[in-house]
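# Examination of the molecular architecture
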Amino acid sequence: MSARERLYLVVLALVVGAASISLGAIATAYLSLNALRTSLELVHGNLAYVALAVFGLILAVAILVMSMRRGECVETILQQGPLGEVRICFKALENLVLKAAREIKGVRETKTRLVYNENGLIVFLRAVTYPDQNIPQVTAQLQAAVKEYVENTTGTNVAEIRVMIENVVTDAVKPAR
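Read on for a plain summary of the structure. Predicted model, so just to flag it, every value in this text is computed and none were measured. (Residues numbered from 1 in each chain as written. Predicted model: local features only at pLDDT ≥ 70, side-chain atom pairs only at ≥ 80, totals over all residues. Heavy atoms only, no water.)

## Observations regarding the overall build of the protein chain
When its secondary structure is counted, the protein chain shows five helices and five strands. If you list the helices and strands of the protein chain from N to C, you get α-α-α-β-β-α-β-β-α-β. On C-alpha atoms alone, the protein chain measures out to a radius of gyration of 29 Å, which is more than a quarter above the 16 Å that the 2.2 N^0.38 rule sets for 177 residues. Along the longest, intermediate and shortest principal axes, the C-alpha atoms of the protein chain span 85 × 50 × 30 Å. (Helix = DSSP H or I, 4+ residues; strand = E, 2+ residues; numbered from the N terminus. Rg over C-alpha atoms; globule rule 2.2 N^0.38 Å.)

## Considerations on helix α4 (residues 90-102)
In a regular helix each residue adds 1.5 Å, so 13 residues correspond to 18 Å; α4 covers 18 Å between its end C-alpha atoms and thus fits that length. Among all positions in α4, only F90, L93, E94, L96, V97, L98, A100 and A101 are buried. Contacts from the buried residues of α4 go to β1 (76-81), β2 (84-89), β3 (107-117), β4 (120-129) and α5 (135-154). (Expected span 1.5 Å × (residues − 1). Buried < 20%, exposed > 50% of the residue type's maximum accessible area, 1.4 Å probe, protein only. Contact = heavy atoms within 4.5 Å.)

## Topic: the nonpolar core
Counting residues in hydrophobic clusters, the biggest one holds 21 residues, and the most contacted among them are L93, V123, V146 and V150. Only α4, β3, β4, α5 and β5 (158-168) provide two or more residues apiece to this core. Aside from chain neighbours lying at most four places away, what touches V146 is V97, A100, A101, L125 and I161. (Core = buried A, V, L, I, M, F, W, Y, C linked by side-chain atoms within 4.5 Å.)

Right, dumping it as structure tokens:
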């Protein structure tokens, strides 16, 4: 949801809240009919309130259109199975990549991004390693583990795995694995 949409919802909530409080005050006789009549007489014929009404109508239409709009497209990989199509969401694939990466000794944390093209899945990994690690060896293990795990689990071809070592942690103790 964009910041503009959030703003619209906040304004809508404030207007509905004010209307609810006013209705409750009238229904409980907390607000007298004479006060209401006086307030309505101030509004009658005032063009500033017409502009406010038009703004409210535009806001209501905008919120209605936003509510009918389809959600953001979730990226998936489509596979044909013996009983029909199977879609695997990128979020699920990202979790599988992260699970495989956690098993590699020497890798502290990883972040992932996926792209799918005609050759298969391309995995972008950003990793943080522990000190005193052979980075080429750790990255090769990481690439092999992720490729094998994702392909065996999902049946999706992993075309490429690009690894970027963002940092080497110097203040942490390596976990025993």
